[in-house]
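Commentary on secondary and tertiary structure
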Amino acid sequence: MEIDGFRGQLITADHADYDTARAVWNGAVDRRPRLIARCGGTADVAAAVRFARDHDLEIAVRGGGHNVAGTAVCDDGIGIDLSGMRAVWVDPAGRTARVQGGALWGDVDHETQAHGLATTGGIVSHTGVAGLTLGGGIGFLMRRHGLAVDNLLAAEVVTAEGSIVRASADEHPDLFWALRGGGGNFGVVTTFQFTLHPVGPSVMAGPVFWAADDTTDVLRFYRDFVSEAPDELGTVIRLGTVPPLTVIPEDLHWRPAIAVACCHAGAVEDGERAVRALRRLGTPLVDLLAPSPYAAFQGALNDTVPHGWHYYWKATNLAGLTDDVIAVIADHAYTAGSPRSYAAMFHMGGVVARVPHEATAYAGRDVAHTMSIDGVWLPDESGEHAAAETAWARRFLQALQPHRAGVYVNFLDSDDDTSRVREAYGDHIYRRLAEVKAKYDPDNAFHHNKNIRPG
Ligand SMILES: Cc1cc2nc3c(=O)[nH]c(=O)nc-3n(C[C@H](O)[C@H](O)[C@H](O)COP(=O)(O)OP(=O)(O)OC[C@H]3O[C@@H](n4cnc5c(N)ncnc54)[C@H](O)[C@@H]3O)c2cc1C
């Protein structure tokens, strides 16, 4: 098989790399595309899109391959795979970076931190820049420096027709607005341009763990603690067990526990002050807060969510941590069957809430916390495990039903239907996105995603 004007690698079912190339982060996803077009650059992406359109092929686009729903790979169609396009070019004087569409956050942190700079990315460094950014992009730096989309200056995009355009505040501003939260609906982004900020390289960062029995006390304290926290302090709660990381004493591994992971984006002394009260709360099982290289901290959780395990997620935003919400969390967080299952809760606010809500297509600026309930089981565990972890995540979400305040689109799984995509955006933003979709992709060629229907 050949694609006109394509110089990358074409991988079909008879190729030795086929099974590796079609695998995504979530090992529960098992799809068999007819063809994977591993692109070497923008011209290859444009050629692959035109080929797909000419042959009426289903299209899936792969950035980091990390989405839990596995939308980076489809059955029978073509996978437009940017995993070979991971370059990052930093302009230290202008404090910007250009990042190719297949880069991972670890690539960005590595290059930008060489200059003492960073931009908001995810909290696991093997996550892709593309999918994460296009859905909004939350992370430890967001309260100080905004979401990933708030730092996006421009994008090079291959449209559904296979043409190459640049989207920015001045060029295709409607497309630029939609790309900042609307997901992969509007074209294939081959290059992102981000603004950078001085961060670290050493920052006060790390998790503190308490026994699961302390959950109610920790969350009640945390509610007040974060309401007064400086913008520099980003925190994520993790409820589950203590992961078996080498930095944690072995006798604590797999013990049910609540953790508050912190990263302070300012001077280490200020960070020490900002986390002092938290460290004094009760009797922690272990306190790993310390001055750490920012880039290394960004990879600290990587081994707790490796590629190839099986995952099932349910997600919701929360307007606040009321006593009722805390009670639901304490009741459900530790009832999963697998010690690998967990829930994660990002504290929002700060700059995220202060960016004008109309500025981008990201809809969750008002929410206090963004939560993801993550069922996890091993590839060789039986169907019973899958059923149990899936049921746990659903039960937990169901119990939070009265407190739900929208959902982050990047945390939706494959069984979250179109009503949940609408929930992620709300009616107003969804309608505006549908109009942009009708202009740039009227045939909905890019629909293997959290789909916005042209309208
Ligand atoms: C362990 C883990 C940790 C996470 N942590 C965070 C976090 O801290 N913050 C956060 O905001 N999110 C986080 N996420 C969610 C993450 O944002 C999504 O999974 C996101 O889709 C990952 O992007 P990707 O490029 O790796 O995805 P992929 O699976 O490659 O792509 C997902 C979808 O994005 C679109 N897409 C991908 N690449 C392109 C491109 N170049 N051009 C156009 N469209 C494209 C396509 O529609 C594709 O179907 C996390 C996910 C996991 C699994």
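Just so it is clear, the model here is predicted, and its values are computed rather than measured. (Residues numbered from 1 in each chain as written. Predicted model: local features only at pLDDT ≥ 70, side-chain atom pairs only at ≥ 80, totals over all residues. Heavy atoms only, no water.)

Turning our eyes to something else, we now look at the environment of Asp 303. Of note, Asp 303 is situated in the loop between helix H9 (294–298) and strand E17 (310–318). The spacing of Asp 303 and Ala 393 is 90 residues in sequence and 21 Å in space, taken between C-alpha atoms. (Helix = DSSP H or I, 4+ residues; strand = E, 2+ residues; numbered from the N terminus.)

Let us look at the sheet that holds strand E1 (residues 9–11). Across the sheet, four strands lie side by side as E1-E2-E4-E3; this open sheet has mixed pairing. Of all the strands in the sheet, just E1 and strand E3 (59–62) have a single pairing partner and so form its edges. Each neighbouring strand pair of the sheet contributes to a mean axis angle of 20 degrees, computed without reference to strand direction. Sheet topology note: the E1/strand E2 (residues 35–38) ladder contains three bridges and is antiparallel. When the sheet's bridge partners are listed, Gln 9 is paired in E2 with Arg 38. Running over the sheet, helix H2 (residues 42–54) touches E2, E3 and strand E4 (78–81) and is turned about 165 degrees from E4. (Pairing = 2+ DSSP bridges. Axes fitted to C-alpha atoms, helices over the stretch in contact; angles between N-to-C directions. Contact = heavy atoms within 4.5 Å.)

Once that is clear, we can look at the site of the ligand. Surveying the vicinity of the ligand reveals 35 residues, the closest of which are Gly 63, Gly 65, Thr 71, Ile 138 and Tyr 408. Backbone polar atom of Ile 138 to a nitrogen atom of the ligand: 2.6 Å apart, as the coordinates give it. At 3.1 Å, a side-chain N or O of Asn 410 approaches an oxygen atom of the ligand. Here the ligand, which alone exposes 940 Å², has 97% of that area covered by the protein. (Near = heavy atom within 4 Å. Polar contact = N/O pair within 3.5 Å; in protein donor to acceptor, adjacent residues only side chain to side chain. Areas by Shrake-Rupley, 256 points an atom, 1.4 Å probe, with all protein chains shown as cover.)

Here helix H12 (residues 383–400) contains 18 residues, and its C-alpha end-to-end distance of 26 Å stays within 8% of the 26 Å for a straight helix at 1.5 Å per residue. Taken as a whole, H12 has its buried residues at Ala 386, Glu 389, Thr 390, Trp 392, Ala 393, Phe 396, Leu 397 and Leu 400. The arc enclosing the buried residues of H12, seen along the axis, measures out at 150 degrees, which places them on a common side. Turned more than 90 degrees from where H12 packs its buried face, Gly 383, Glu 384 and Gln 398 sit exposed. Looking at the buried side of H12, the elements it contacts are E17, helix H10 (323–332), strand E18 (342–347), strand E19 (369–377) and helix H13 (418–440). (Expected span 1.5 Å × (residues − 1). Buried < 20%, exposed > 50% of the residue type's maximum accessible area, 1.4 Å probe, protein only. Arc of directions from axis to C-beta.)

Counted according to the given criterion, the structure contains 23 salt bridges. In this structure, the salt-bridge partner of Arg 420 is Asp 416, at a minimum N-O distance of 3.5 Å. The class for Asp 416 is buried, based on a relative accessible area of 10%. One salt-bridge network, in which partners are shared between bridges, spans Lys 314, Arg 394, Arg 404, Asp 415, Asp 416, Arg 420 and Glu 423. (Salt bridge = Lys/Arg side-chain N within 4 Å of Asp/Glu carboxyl O.)

Let's shift gears to the sheet that holds strand E6 (residues 96–100). Strands sit in the order E5-E6-E10-E8-E9 across an open sheet of five strands; the sheet is antiparallel. For this open sheet the edge positions go to strand E5 (88–91) and strand E9 (164–168), each flanked by a neighbour on one side alone. Neighbour-to-neighbour, the strand axes of the sheet open up by a mean angle of 15 degrees, direction not taken into account. Bridge count between strand E8 (residues 152–158) and E9: five bridges; the pairing is antiparallel. Looking at the pairing, Glu 156 lines up with Arg 166 of E9.

For the pair helix H7 (residues 215–227) and H10, the least separation of the axes is 10 Å and the interaxial angle reads 145 degrees. For the pair H7 and H10, the crossing hand works out as right-handed. Residues Thr 215, Thr 216, Leu 219, Arg 220 and Arg 223 of H7 touch H10, and the partners they reach there are Asp 323, Ile 326, Ile 329 and Ala 330. For the contact of H7 with H10, the class distribution of residues is four nonpolar, two polar and three charged. (Left-handed = near helix turned anticlockwise from the far one by under 90°. Nonpolar A, V, L, I, M, F, W, Y, C, P; charged D, E, K, R; others polar.)

All right, on to the UniProt feature "domain: FAD-binding PCMH-type" (unreviewed entry) in the protein chain then. Here, the residues flagged by UniProt with the feature "domain: FAD-binding PCMH-type" (unreviewed entry) are residues 29–199. Structurally, residues 29–199 comprises 23% helix and 26% strand, and the distance from its first C-alpha atom to its last is 36 Å. (UniProt positions renumbered as here; feature names shortened; annotations may be inferred.)

A few words now on unusual backbone geometry. Geometrically, the link from Gly 200 to Pro 201 is a cis peptide bond, its omega value of 5 degrees lying close to zero. In this fold, Pro 201 is placed in the loop between strand E11 (197–198) and strand E12 (202–211). Unusually for a residue other than glycine, Asp 56 sits at a positive phi of about 55 degrees. One non-glycine residue, Asp 76, adopts positive backbone phi at about 75 degrees. Asp 76 gets classed as partly exposed once you look at its relative accessible area, which sits at 45%.

Our next topic: the packing of aromatic side chains. Here the structure, examined in full by the defined rule, presents 11 aromatic pairs. Relative to Phe 194, the ring of Phe 192 lies with its centre 5.9 Å away and its plane at 10 degrees, an arrangement referred to as stacked. Look at Phe 192 and you get buried, because its relative accessible area is 1%. The structure contains a cluster of three or more aromatic residues connected by ring pairs, namely Trp 25, Tyr 311, Trp 313, Phe 346, Tyr 362, Tyr 408 and Phe 411. The side chain of Arg 180 reaches across the aromatic face of Phe 176, ending 3.9 Å from its centre. Sitting over the face of the ring of Trp 309, Arg 340 holds its NZ or CZ atom 5.1 Å from the ring centroid. (Phe/Tyr/Trp six-rings, centres within 6.5 Å; stacked < 30°, edge-to-face > 60°. Lys NZ or Arg CZ within 6 Å of the ring centre and 35° of its normal.)

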